Amino acid sequence: MTSRDARGVVPAVAVPLASFTTVLFALSSWGSFTDARFPYLGPILVAGLLVVGTGVSARLLRVHGSVVVLLQALLGTIATSLLVVQHPFPVTGGGRARVVAEMTEAYVAFNPFDLPMSGQDVAPYLIPGGVAAVLLADVLAISLRRPPMMGLVALGIFTVPFSIIGAGGWGGVSWVVFALTATSFLVMLRLDRAQQLGRWGRRLDDDLPVVPAAGPAVIGVSAVVIALLTPAWLPSPNVSLPGLGPGDGDGPLRVINPTVGLYDDLRRQSDQVMVSVTPVYGDTETPPSYLRVGALTKFTGTEWTSGNRDVPSDHSGVATFEPPMSDASLLGDPTTYQLRASAKFQSTWLPIFTHPLEVTARGPWRYDEDTLDFMSTEGRDQTVAGQSWRMTAAPVEPSQERLLAAGEPGVGAPPGMTDLPLLPDRIEEIALERTAGQDRPFAKAVALQNWFRHSGEFTYSLERDVGTDSAALLDFLTDNKVGYCQQYATAMAVLARELGIPARVAFGFLSGDQDEDGVWQFRGRDLHAWPELWFEDIGWIRFEPTPAAADTSEPGYTTGALSNARNEPQAPVPSAGTSVAPAPNRPQREEPDTPEVADTGTEESNAGAVWTGLGIIGLVGLVALAAPAVIRRRRRATRLGGDAEAGWRELGDTAIDLGLPWSGTRSPREEATSLAPHLQGREPMLALQRIVAAVERNRYAEHRGAAAVREDVRLVSAALREHADRRARRRARLWPASVFRRPSAPATDGPVARSERELISS
């Protein structure tokens, strides 16, 4: 790398970009606990490029370091706020309210027991953290000139998935991500070192042997390889060399966020045995079914999640439970089972039958009192794979009469079981239409189930993944009406909540096959999802909206329920002019007195805030574009009022701006010789000679002179501009290249400058 390269624009950009790339590679490790990387990496890429670009531009313009950091923080904050909450100022009233709302929603969605989490839901947390990491890395590596310390930023980024997921299996961090991050970090160090050495100028003796640079490269590569291979050799359980993904069909079935892989496992129709169930005593003749892994209680608008859970330390895996509502008449005959999970069923949730009466599961298992879900407290470090446990359970079988007599929906239910995000109004209208004529909560639930199962409008299919967000849900309910169990469970649970009936989505295994030893084998193809609804004085009961084509059967207590309900007084059907009582515990759509004006004002306010932010960014961009020309004019005015050395620097910058040969490291006479062909006329040549003579006297005479060369510099500069083409003159005026070039080192600090050979010999 030459001295010109070291002082040019390329090295000023290379190190910041290498630092940014390193941080971006490290941030991709956060994708190990989200279902998608783009929702947070895309905005970080945009805001990060703005932060890095601001730093590069400001440093090339020689802005003070503290001002550079201030500009980066300001523009980074504006860009992050625009990307996260569509408002440029997070400290103003409107911006602060949006930030609080987004952060609250992200906090509710953030659940380490439900992995991978929705990348879209937790992005408001990840994006500001990622942009802050980019800014901190840039400050350490560039502003403070401490590139090795930037490695602490990458290390801090890696600790996030390690702390949430655990150390097992690298905490979900792919070895590819680690290798790319380490390699990019080494490249950044190499570029920074080359830039620092390049500032020394050209070699004193080109004949000196070149020192090989293989040693540092070998050390860096060896460190990366050792870091990659060491985890595979550590004597700890369940540690393996991290791979690129979950593997093929013969690999382990991971149920971290339990419904994420449900569609793939169902479509693959895996015959792998996941859980073996042996009835020990009790009702050993009835085939066990609906082996529940867990319950999802929060609908974010894009997916169902487990929400926040209260798992006290005294709720261990060895527990005894009362019947629902402490009423044993709600239960069928109890059965004791011995269960064992295969080594391929790596779930952090413990499968149990409903309703459990006794559970004996040794290990770090805790249960949630509201859902009776058993979860591992050590995350991926401790799964159910290969473990055995014992339990006694009984099916919930309340009488149909008791269900029909249930009172107001939601009485006695756990909080938040009717919460919904803002959804299209059409979804609520569908819920009301399909339950018209039914005034009892249970009758409404059965009406919804019958619509999905018996109307003939819906088709069960694994060939189409229609998704679970609000748009896909509405499309499923109105147009395509084709899906699998997850869509049906989601749709019925959402419609029930629209009606104010507490609902959740359970997931697990539908049924199993009995082998010759009488053991029931639950396989990957048996994975299933179904809704559970809450009724007063009864608790949670199961429904089955998935059509019968999927080998499902509706619960016996729902059969004929609507005909029995018709004997009861009919509830009035809501008419077009009748307002419906709002469902409890969910956001209400307020109807302003003047909806058009209110909506327009809101939209104009939002649009105005966005345009204001974009205007600020555009204004800063225009200032940055105009700054080089302003700086160049100020330098010219200052130098023309100085001595011969200042005039010589002005002449050099003029040559650089016009694209003429000027190295800044040659002697004055060598530089003048390279400029002579670009001068026309006798007077400019004589003026150039006078400038060279004045510079040489100033540098090499025993006593420095103070001769002014202002007019000669003006004359030579004008001649150079006149000889240059129009494009070069325009570029020199609007975007002077000399502004982006580091100043050359002064020739000498004393009255006498000694040659390089003399310095070497002495």
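Scroll up for the structure.
Quantities reported herein were computed from a predicted structural model and do not represent experimental measurements.

Let's shift gears to the pattern of salt bridges. Summed over the entire model, instances satisfying the criterion amount to 22 salt bridges. Salt-bridge contacts for Glu554 lead to Arg453; the nearest nitrogen and oxygen are separated by 3.6 Å. You can see Glu554 sitting in the loop between β21 (539-542) and α16 (561-565) and its partner Arg453 sitting in helix α13 (residues 441-454), a full 101 residues away along the chain. Note on Arg453: relative accessible area 11%, which makes it buried. Close ionic contact of Asp513 with Arg525 constitutes a salt bridge, the shortest N to O distance being 2.7 Å. On the criterion of sequence distance, the pair formed by Asp513 in strand β18 (residues 513-514) and Arg525 in the loop between β19 (520-523) and β20 (527-535) is long-range, its members being 12 residues apart. Of the residues examined, Asp513 reaches a relative accessible area of 34% and is grouped as partly exposed. Residue classification places Arg525 among the partly exposed residues on the basis of a relative accessible area of 27%. Beyond isolated ion pairs, a larger network of salt bridges with shared partners links Arg632, Arg636, Arg639, Glu650, Asp653 and Asp657.

Bringing the side chain of Ser81 into the picture now. Mapping Ser81 onto the fold places it in helix α4 (residues 65-85). Looking at Ser81, the relative accessible area reads 6%, which means it is buried. Apart from the residues within four sequence positions on either side, Ser81 is in contact with Gln86, His87, Pro88, Phe89 and Pro90.

Further remarks concern the nonpolar core. Membership of the largest hydrophobic core comes to 84 residues, with the highest contact counts inside it found for Val275, Phe442, Phe452 and Phe535. Ranked by residue count, the leading element in this core is helix α15 (residues 485-498), at nine residues. When sequence neighbours within four positions are dropped, the list of residues in contact with Phe442 reads Gln400, Leu403, Leu404, Phe535, Ile541, Phe543, Tyr557, Thr558 and Ala561. Judged by nonpolar contacts, the second largest core, of 46 residues, contains Ala18, Val52, Ile142 and Ala627.

Glancing now at the pairing of strand β11 (residues 356-360). As judged from the three bridges shared by strand β6 (residues 318-320) and β11, these two strands associate in the antiparallel manner. Within β11, the position partnered with Val318 by the bridge is Thr360. Examined bridge by bridge, β11 and strand β14 (residues 388-393) share four bridges and lie antiparallel to one another. Across the sheet, Glu358 pairs through a bridge with Thr392, a residue of β14.

Residue placement: Arg729 occurs in helix α22 (residues 726-734). A residue is classified by how much of its surface remains accessible, and Arg729, at 32% relative accessible area, is partly exposed. Along the primary structure Arg729 and Asp657 are separated by 72 residues, whereas in three dimensions their C-alpha atoms are 8.1 Å apart. With residues up to four places along the chain from it excluded, the contact list for Arg729 reads Leu658, Arg721, Glu722 and Ala724.

About the criteria used
Residues numbered from 1 in each chain as written. Predicted model: local features only at pLDDT ≥ 70, side-chain atom pairs only at ≥ 80, totals over all residues. Heavy atoms only, no water. Salt bridge = Lys/Arg side-chain N within 4 Å of Asp/Glu carboxyl O. Helix = DSSP H or I, 4+ residues; strand = E, 2+ residues; numbered from the N terminus. Buried < 20%, exposed > 50% of the residue type's maximum accessible area, 1.4 Å probe, protein only. Contact = heavy atoms within 4.5 Å. Core = buried A, V, L, I, M, F, W, Y, C linked by side-chain atoms within 4.5 Å. Pairing = 2+ DSSP bridges.

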